[in-house]
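# A look at the structure
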Amino acid sequence: MARIAAAVMVVAVMAAAVLAGGARAQLTEGFYMHSCPQAEKIIKEYVEQQTPRVPGIAATLIRTHFHDCFVRGCDASVLLNATGGNEAEKDATPNLTLRSFKFIDRIKAIVEKECPGVVSCADIIALAARDSVVAIGGPSWSVPTGRRDGTVSIKQEALDQIPAPTMNFTELLQSFQNKSLNLADLVWLSGAHTIGIAHCNSFTKRLYNFTGRGGPQDADPSLDKVYAAHLRQPNKCPTPTDNTTIVEMDPGSFKTFDISYYRGLLKRSGLFQSDAALITDAASKADILSVVNGPPDFFFKVFAGSMVKMGAIEVKTGTEGEIRKHCAVVNKH
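Residues numbered from 1 in each chain as written. Predicted model: local features only at pLDDT ≥ 70, side-chain atom pairs only at ≥ 80, totals over all residues. Heavy atoms only, no water.

As recorded in an unreviewed UniProt entry, the protein chain goes by Peroxidase and comes from Urochloa decumbens. Taken directly from UniProt, the Subcellular location (unreviewed entry) text for the protein chain runs: "Secreted". As stated in UniProt under Catalytic activity (unreviewed entry), the record for the protein chain gives "2 a phenolic donor + H2O2 = 2 a phenolic radical donor + 2 H2O". (UniProt positions renumbered as here; feature names shortened; annotations may be inferred.)

### Some points on the packing of helix α3 (residues 57–69) against helix α14 (residues 298–310)
Where α3 meets α14, the closest approach of the two axes is 10 Å, and the angle between their N-to-C directions is 45°. With respect to each other, α3 and α14 are oriented oblique. Facing Ile62, His65, Phe66 and Cys69 of α3, the residues of α14 in contact are Phe303, Met307 and Met310. Among the residues making up the contact of α3 with α14, the classes are represented as six nonpolar, one polar and no charged. (Axes fitted to C-alpha atoms, helices over the stretch in contact; angles between N-to-C directions. Helix = DSSP H or I, 4+ residues; strand = E, 2+ residues; numbered from the N terminus. Parallel < 35°, antiparallel > 145°, perpendicular 65-115°, else oblique. Contact = heavy atoms within 4.5 Å. Nonpolar A, V, L, I, M, F, W, Y, C, P; charged D, E, K, R; others polar.)

### Side note on the UniProt feature "binding site: Ca(2+) 1" (unreviewed entry) in the protein chain
According to UniProt, the feature "binding site: Ca(2+) 1" (unreviewed entry) maps to Asp68, Val71, Gly73, Asp75, Ser77 and Glu89 in the numbering used here. Across 22 residues in sequence, these annotated residues keep their C-alpha atoms within 12.6 Å of one another, forming a single compact spot. Inspection of the secondary structure puts Val71 in the loop between α3 and α4 (101–114). Classification of Val71 as buried rests on a relative accessible area of 0%. Beyond its immediate sequence surroundings of up to four residues, Val71 is in contact with Ser77, Glu89, Glu157, Ala158, Gln161 and Ile162. Mapped onto the elements, Asp75 comes out in the loop between α3 and α4. A residue is classified by how much of its surface remains accessible, and Asp75, at 0% relative accessible area, is buried. Residues within four places of Asp75 in sequence aside, it is in contact with Asp68, Ala122, Arg148, Asp149, Gly150, Lys316 and Arg324. (Buried < 20%, exposed > 50% of the residue type's maximum accessible area, 1.4 Å probe, protein only.)

### A word on the state of the cysteines
This structure, assessed with the given rule, holds four disulfides. Residue pairing for Cys69: its cysteine sulfur links by disulfide to Cys74, the two sulfurs lying 2.1 Å apart. Disulfide Cys69 to Cys74: torsion about the S-S bond roughly 120°, handedness right-handed. We note that Cys69, like Cys74, is buried. Put simply, Cys121 and Cys327 are joined by a disulfide, and their sulfur atoms are 2.1 Å apart. Handedness here is read from the sign of the S-S torsion; for Cys121 and Cys327, about -100°, the answer is left-handed. Of the two residues, Cys121 sits in helix α5 (residues 121–135) while Cys327 sits in the segment after α14, which places them 206 residues apart along the sequence. Counting only the cysteines that take part in disulfides, in the order they occur along the protein chain, gives the pairing 1-4, 2-3, 5-8, 6-7. (Disulfide = S-S within 2.5 Å.)

### Thoughts on the pattern of salt bridges
Within the structure shown, the criterion is met by 12 salt bridges. One salt bridge in this structure joins Arg206 and Asp220, with 2.9 Å as the shortest N-O distance. Linking Arg206 in helix α9 (residues 205–208) with Asp220 in the loop between α9 and α10 (225–231), this pair joins segments that are 14 residues apart in sequence. Each of the two residues, Arg206 as well as Asp220, counts as buried. (Salt bridge = Lys/Arg side-chain N within 4 Å of Asp/Glu carboxyl O.)

### A few points about helix α2 (residues 39–50)
The end-to-end C-alpha distance of α2 is 17 Å, a good match for the 16 Å that 12 residues give at a rise of 1.5 Å each. If you check which residues of α2 are buried, you get Ala39, Ile42, Ile43, Tyr46, Val47 and Gln50. Along the axis of α2, the buried residues cluster in a sector spanning 125°; they form a single face. Of the surrounding secondary structure, the elements contacted by the buried residues of α2 are α4 and α5. (Expected span 1.5 Å × (residues − 1). Arc of directions from axis to C-beta.)

### Details of the UniProt feature "binding site: heme b" (unreviewed entry) in the protein chain
Residues annotated in UniProt with the feature "binding site: heme b" (unreviewed entry) correspond here to His193. Along the chain, His193 falls in the loop between α8 (183–190) and β1 (197–199). Taking the relative accessible area as the measure of exposure, His193 reaches 22% and is therefore partly exposed. Not counting residues up to four positions away in its chain, the partners in contact with His193 are Met249, Asp250, Tyr261, Phe272 and Asp275.

### Let's talk about the environment of Ala229
Residue placement: Ala229 occurs in helix α10. Each C-alpha atom of the pair Ala229 and Pro216 lies 8.6 Å from the other, and the pair is 13 residues apart in sequence.

### Some details on helix α7 (residues 169–177)
Among the residues of α7, those classed as buried are Phe169, Leu172, Leu173, Ser175 and Phe176. When α7 is viewed along its axis, its buried side chains cluster within an angular range of 160° and face the same direction. Where the residues of α7 are buried, they touch α3, α8, α12 (273–276) and α13 (282–292).

### What about the nonpolar core?
By size, the foremost hydrophobic cluster in this structure holds 74 residues, and its most contacted members are Leu79, Ile107, Trp141, Tyr262 and Phe303. Non-local contacts of Ile107, meaning those with residues more than four positions away in its chain, are made with Ile43, Tyr46, Val47, Ile124 and Ala128. In terms of nonpolar packing, the next biggest core, distinct from the first, is built from 14 residues, Leu207, Tyr208, Met249 and Leu271 among them. (Core = buried A, V, L, I, M, F, W, Y, C linked by side-chain atoms within 4.5 Å.)

And the structure:
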């Protein structure tokens, strides 16, 4: 219980802590209070209205925010189109299944109509991700604003820096530490897998070809055998090359923001190798147990705290970057 109390105390001061030092000090609550006072209300109302009509949008917005922040910081570089034959972040395999681009474009168009050239695409991603999670009954968190948009987007950087579903614990932790996040952040942010879906080809190696021998007998031994057999069913992932079928990230609860994802990990039913990796480390497993055995609101609090930290990774503020008029292209100068 002392561990839980300490974690909750950390969350209470997290918003202030992430604003300390460097460019991050320029992120502030209500940044648009005078320049575009209706901005956050417009974004929230659109997200609340559309979330019930767009299944899975909360999961994909969280993923978009995460993938954006891990490459060049939270600067909306993930939204940029390729130019001049050079592929952009959105062309990298981890981003090919993001289904949020048009959704964010629609929000941007509404905000631009209200306040042309004022609100960044990076802030829209951060705010929409938070508002969508709240709209499905998940936690809320502080979103200080003032991020500016980047002007560079490189496919290879996304391939190199976005954590892969095949990573082991050491690789995962290093990728988070590279972004000034710690072990607890890794555990709490992975909790976003409580919502959403995944394509079969992102984990079928665990079902059919884990060591290279091939066949259903060559399954990942860390994956529960009953769950593996379930995933190999004809209506799930019947072949190792299926790249179109989707399955629930958190079976039976993928639309609900709750702790069932962590319960699944303890039963060896994490979908990705990176999920299963979280119980291979003693400290990580202890954090998972603190969620499963803790008070009902504990996960919401620690997840919120880590989202605040993630949303401040290497942000551009002040005169850095620009405020894009259209999120998919840099401004013409």
